[in-house]
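# A look at the structure
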Amino acid sequence: MRVTDRIPSYRCSMEVRLPGLGALGTHWRAPMAAALPEIAGDGLVLDLRSAAYAAAWKPKGEVAGRTATVRVLHAPTRKVVSHFNKATKGRIVRTLLTSAGAPGTPAELVEALRDLGYVVEAEAPSQAGRAWALDVLVDEIH
């Protein structure tokens, strides 16, 4: 037996299945669907959640049209930045908050991020009721 065989593996907390409750993402889906559209207000929604957390709520309808879901990718490999993902997303938020602009739509967000020096690939939704998909590419992972 290898040492790593004895080390428990931990998954993202939303992927956990609890006895009598099941998967947390599934458990939270209905309460989040009821609360988040109202909480989102009428402005831009910047979705920085990981895939596991995003499974608990998917924006629909009008809210989805003004939602930008952001992934951080390592440019040379095109792989999702995992370990420093939150730090990179935090820098993005800080830069947006300290800049002069206040994007109101996903398209304006793409322009603002590019103006701030980020490399952004954006995919507008192919149909109504879907969120924008933004990939922020980074050369260095810090």
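Please read all numbers here as calculations on a predicted model, not as lab measurements. (Residues numbered from 1 in each chain as written. Predicted model: local features only at pLDDT ≥ 70, side-chain atom pairs only at ≥ 80, totals over all residues. Heavy atoms only, no water.)

## So, helix α5 (residues 85-98)
- End to end, α5 covers 20 Å across 14 residues, agreeing with the expected 20 Å (1.5 Å per residue, within 8%).
- Turning to α5, its buried residues number three or more, namely Asn85, Thr88, Lys89, Ile92 and Leu96. Looking down the long axis of α5, one finds its buried residues gathered within 100° of arc, a one-sided arrangement. Along α5, exposed side chains directed more than 90 degrees from the buried face belong to Lys86, Arg94, Leu97 and Thr98.
- In the core, the buried residues of α5 are packed alongside β3 (45-47), β4 (67-74), α6 (106-115) and β7 (132-138). (Helix = DSSP H or I, 4+ residues; strand = E, 2+ residues; numbered from the N terminus. Expected span 1.5 Å × (residues − 1). Buried < 20%, exposed > 50% of the residue type's maximum accessible area, 1.4 Å probe, protein only. Arc of directions from axis to C-beta. Contact = heavy atoms within 4.5 Å.)

## Let's talk about the layout of surface pockets
- Estimated volume of the largest pocket: approximately 840 Å³.
- If you go around the largest pocket, you meet 32 residues; those closest to its centre are Asp47, Arg49, Ala54, Thr69 and Arg71.
- Every element with two or more residues in the lining of the largest pocket is listed here: α3 (51-54), β4, α5, β6 (119-123) and β7.
- Of the residues in the lining of the largest pocket, the class split is 16 nonpolar, 6 polar and 10 charged. (1 Å grid on protein atoms, 1.4 Å probe; cavity = no way out; pocket = protein on both sides within 12 Å on 5 of 7 lines; lining within 4 Å. Points joined across faces, edges and corners; volume = space filled by probe spheres on them. Nonpolar A, V, L, I, M, F, W, Y, C, P; charged D, E, K, R; others polar.)

## Side note on helix α2 (residues 24-39)
- When the terminal C-alpha atoms of α2 are compared, their 21 Å separation across 16 residues agrees well with the 22 Å that a helix rising 1.5 Å per residue should span.
- Largest kink in α2: about 45°, centred on methionine 32.
- For α2, the complete set of buried residues consists of Leu24, Gly25 and Met32.
- The first or second residue beyond α2 is glycine 41, which carries a positive phi of 65°. (Bend = angle between axes of the 7 residues up to and from the residue.)

## Quick look at the pattern of salt bridges
- Summed over the entire model, instances satisfying the criterion amount to 4 salt bridges.
- In this structure, aspartate 47 engages arginine 49 in a salt bridge whose closest nitrogen and oxygen atoms are separated by 2.8 Å.
- A residue is classified by how much of its surface remains accessible, and arginine 49, at 23% relative accessible area, is partly exposed.
- The salt bridge partner of glutamate 62 is arginine 66, with a shortest N-O separation of 2.6 Å. (Salt bridge = Lys/Arg side-chain N within 4 Å of Asp/Glu carboxyl O.)

## A word on the side chain of lysine 89
- Tracing the sequence through the fold places lysine 89 in helix α5.
- The charged side chain of lysine 89 is buried without a salt bridge, its nearest counter-charge being aspartate 47 at 7.1 Å.
- Excluding its chain neighbours within four sequence positions, the residues that come into contact with lysine 89 are Leu48, Arg49, Val70 and Val72. (Lys, Arg positive; Asp, Glu negative; His and termini not counted.)

## Quick look at the environment of arginine 114
- Within the element layout of this structure, arginine 114 appears in helix α6.
- Distance from arginine 114 to valine 136, taken between C-alpha atoms, is 9.6 Å for residues 22 residues apart in sequence.
- When neighbours within four sequence positions are excluded, arginine 114 is seen to be in contact with Val120, Glu121 and Ala122.
- A distance of 2.7 Å separates a polar atom in the side chain of arginine 114 from the backbone oxygen of valine 120. (Polar contact = N/O pair within 3.5 Å; in protein donor to acceptor, adjacent residues only side chain to side chain.)

## Some details on the nonpolar core
- In this structure, Leu113, Val120 and Leu134 are the most contacted members of the largest nonpolar core, which totals 13 residues.
- Taken together, the elements giving at least two residues each to this core come down to β4, α5, α6 and β7.
- Of the residues forming this core, the biggest block, 4 residues, is contributed by α6.
- Setting aside chain neighbours within four positions, we find valine 120 in contact with Val110, Leu113, Arg114, Leu134, Asp135 and Val136.
- Ranked by size, the runner-up nonpolar core spans 8 residues in total, among them Met14, Met32, Val45 and Ala52. (Core = buried A, V, L, I, M, F, W, Y, C linked by side-chain atoms within 4.5 Å.)

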